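What the coordinates show
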Amino acid sequence: PLEGREGYLNDGIVTANQLIAAFTTELWCDLSLRMLSVPSDVLGAQGAIAIKERALHATRALGPSCRESHIFGDWGVEEVAKVRKEINREGSGDGLEPTYRKELLELIESVLSTLK
């Protein structure tokens, strides 16, 4: 099953770079960004935030490789900034606990730092 994939294995072990490269195709990169804009009217506010949090983690992990393979060097920055604006509306009645909001904003800043 691994014939012709000699470049992927080193004594049967996949390296971290090879694993990340497998998930930084254009489709995977776009998917992580699309999940950042999941509609809350479909999933509810809490469900949408939970998915966005997971997407932020994915974007941070995949970001450097996605940015390198993307035509534009600003891959993901605009999408993550939109999520920051959405999360940063304290007192908006979105039901987020202040501590969780702070953690999400710290995650977002970490993602933006990784992408720049």
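Scroll up to find the structure this text is about.
What comes next is a walk through the structure. Counting restarts for each chain: residues are numbered from 1 in the order of the written sequence. With the structure being a predicted model, the display of local features is reserved for residues of pLDDT at least 70 and the display and counting of side-chain atom pairs for 80 or more, all residues being used for whole-chain, interface and lining totals. As a convention, hydrogens and water are excluded, and side-chain values are obtained from all of the structure's heavy atoms.

A look at the state of the cysteines
Here is the rule: When two cysteine sulfur atoms lie within 2.5 Å, the pair is treated as a disulfide. Put simply, DSSP H or I for four residues or longer makes a helix, DSSP E for two residues or longer makes a strand, and each gets a number counted from the N terminus. Here the term buried applies to any residue with accessible area under 20% of the maximum for its type, exposed to any over 50%, and partly exposed to those in between, with areas from a 1.4 Å probe on protein chains only.
One pass over the full model with this rule turns up 1 disulfide. Covalently, C29 is tied to C66 through a disulfide, its sulfur atoms 1.9 Å apart. Linking C29 and C66, the disulfide has an S-S dihedral of approximately -90° and is accordingly described as left-handed. Placement of the pair is C29 in helix α2 (residues 26–34) and C66 in helix α4 (residues 45–69), with a sequence separation of 37 residues. The exposure class of C29 is buried, given its relative accessible area of 3%.

Some points on the nonpolar core
One recurring pattern in soluble globular proteins is that nonpolar side chains are buried together. Stated precisely, the cut-off is as follows: Side-chain atoms within 4.5 Å are what join buried Ala, Val, Leu, Ile, Met, Phe, Trp, Tyr and Cys residues into a set we call a nonpolar core. Two residues form a contact once any of their heavy atoms are found within 4.5 Å.
One finds L36, L56, V80, I87 and I108 to be the most contacted residues of the largest nonpolar core, which totals 20 residues. Mapped onto this core, the elements with two or more residues apiece are α2, α4, α5 (77–87) and α6 (98–115). Excluding residues within four positions of it along the chain, V80 makes contact with L36, L56, T59, I108, V111, L112 and L115.

A short note on the packing of α4 against α6
Worth spelling out the cut-off: With axes taken as lines fitted to C-alpha atoms, and helix axes fitted only over the stretch in contact, angles between N-to-C directions fall between 0 and 180 degrees. For classification, angles of less than 35 degrees are called roughly parallel, those exceeding 145 degrees roughly antiparallel, those between 65 and 115 degrees roughly perpendicular, and all remaining angles oblique. Helix crossings fall into two classes, left-handed where the near helix is turned counterclockwise from the far one by less than a right angle and right-handed where it is turned clockwise.
α6 packs onto α4 with a crossing angle of 15° between their chain directions and a minimal axis gap of 9 Å. With respect to α6, the axis of α4 lies roughly parallel. For the pair α4 and α6, the crossing hand works out as left-handed. Each of I49, E53, L56, H57, T59, R60, G63, P64 and R67 in α4 lies in contact with α6, whose residues at this interface are Y100, L104, L107, I108, S110, V111, T114 and L115.

Thoughts on the pattern of salt bridges
Keep this limit in mind: We count a salt bridge whenever a side-chain nitrogen from Lys or Arg sits within 4 Å of a carboxyl oxygen from Asp or Glu.
On inspection of all chains with the given rule, the structure shows 4 salt bridges. Ionic pairing is found between E78 and K82, a salt bridge with its closest N-O pair at 3.7 Å. Within this pair, E78 and its partner K82 are both found in helix α5, separated by 4 residues, close to a single helical turn. E78 sits in the exposed class, given a relative accessible area of 54%.

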